[in-house]
Amino acid sequence: MAKLYFRHGTVGSAKTLNLLAVAHNYEQQGKRVALIKPQLDVRFSLESVRSRAGLERAAELVVDAESVIDRKQLEGLSCILVDEAQFLSAFVIEQLRQISIELDIPVICYGLRTTFKAELFEGAKRLFELADAIEEVKTTCMYCNRKGVFNLKLCEGEPTVDGETVDLGTEEKYVPTCCRCYVEKLGEKAPMRRTPL
């Protein structure tokens, strides 16, 4: 049986670049892949999957929270690659789980683990619950050399936890941080400071 994978990392950890490299590797071997992305992600365009390094290709499927994935579109595939999986609904993640079982196609999902408020995204939560393999795509903190584990939101250059949970942006709005720098930059606003020790 094929596996459902969740490869998570902070902003700027080259998740999409990794996804595009995996697609290239499959296709170099003459195998077909399909790219899926959430309709919500319109940072570069509705139909394309684009890395911050500038590599880009069209997504075969663009889904919303209630999309029912047509299994006929998946016939003959060797792999399904999903970008920005944190934005998918639990309903869509559950379909991907079933596809990996019933169609025996590996599904590799890439996405963030948590929001800038240090809370799980719905899609990430369901992937942690259902994935066969969970792998971290690592990067370093913006402010030191420790591993980046949190996504710090900046508003006019200042760290914040204000605003909607889903607030699309790239490096002008989000940076990876270690836990220490995340807490130091946010001070009393840091989510983990709300709970008394």
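Quick caveat: nothing in here was measured; it's all calculated off a predicted structure. (Residues numbered from 1 in each chain as written. Predicted model: local features only at pLDDT ≥ 70, side-chain atom pairs only at ≥ 80, totals over all residues. Heavy atoms only, no water.)

Draft legend 1. Just the overall build of the protein, in detail. Looking only at helices and strands, the protein features four helices and eleven strands. Considering only contacts within the protein whose residues lie at least 6 apart along the sequence, 74% involve residues at least 24 apart. Surface accessibility of the protein: about 10,000 Å² in total, with carbon and sulfur atoms responsible for 49%. (Helix = DSSP H or I, 4+ residues; strand = E, 2+ residues; numbered from the N terminus. Contact = heavy atoms within 4.5 Å. Areas by Shrake-Rupley, 256 points an atom, 1.4 Å probe, with all protein chains shown as cover.)

Draft legend 2. Expanded view of the state of the cysteines. Considering all chains together, one arrives at zero disulfides under this definition. Just so you know, Cys-181 is unpaired, no disulfide at all, and the nearest cysteine sulfur is the one on Cys-178, 3.6 Å from it. For Cys-181, a relative accessible area of 6% gives the class buried. (Disulfide = S-S within 2.5 Å. Buried < 20%, exposed > 50% of the residue type's maximum accessible area, 1.4 Å probe, protein only.)

Draft legend 3. Expanded view of the pattern of salt bridges. Counted by the stated rule, this structure contains nine salt bridges. Two residues, Glu-94 and Arg-126, come together in a salt bridge whose shortest N-O distance is 2.8 Å. Here the residue Glu-94 occupies a position in helix 2 (residues 90-102), and Arg-126 occupies one in helix 3 (residues 122-130), the gap between them amounting to 32 residues. For Glu-94, a relative accessible area of 33% corresponds to the partly exposed category. A residue is classified by how much of its surface remains accessible, and Arg-126, at 22% relative accessible area, is partly exposed. In the salt-bridge network here, residues are joined through shared partners; they are Glu-94, Lys-125, Arg-126 and Glu-129. (Salt bridge = Lys/Arg side-chain N within 4 Å of Asp/Glu carboxyl O.)

Draft legend 4. Examining the sheet that holds strand 1 (residues 4-8) more closely. If you trace the six strands from one edge of the open sheet to the other, you get 5-2-6-7-1-8, paired in parallel fashion. Every other strand in the sheet has two partners, leaving strand 5 (61-63) and strand 8 (133-136) as the edge strands with one partner each. Adjacent strand axes in the sheet meet at a mean angle of 20° when their direction is disregarded. Strand direction decides the pairing type here: strand 2 (residues 33-38) and strand 5, joined by three bridges, are parallel. Directly across from Pro-38, in strand 5, lies its bridge partner Val-63. Each of strand 1, strand 2, strand 5, strand 6 (79-82) and strand 7 (107-111) is contacted by helix 2, which is oriented at about 150° to strand 7, the strand it contacts most. Along the sheet face, helix 3 touches strand 1, strand 7 and strand 8 and points at about 130° away from the line of strand 1. (Pairing = 2+ DSSP bridges. Axes fitted to C-alpha atoms, helices over the stretch in contact; angles between N-to-C directions.)

Draft legend 5. Quick look at the pairing of strand 1. Across the five residues of strand 1, five count as buried, placing the element largely inside the fold. The side-chain alternation of strand 1 yields two buried faces, one formed by Leu-4, Phe-6 and His-8 and the other by Tyr-5 and Arg-7. Bridging between strand 1 and strand 7 involves five bridges; their strand directions are parallel. Bridging across to strand 7, His-8 finds its partner in Gly-111. Of the strand pairs in this sheet, strand 1 and strand 8 are connected by four bridges, and their pairing is parallel. The residue of strand 8 that forms the bridge with Arg-7 is Glu-135.

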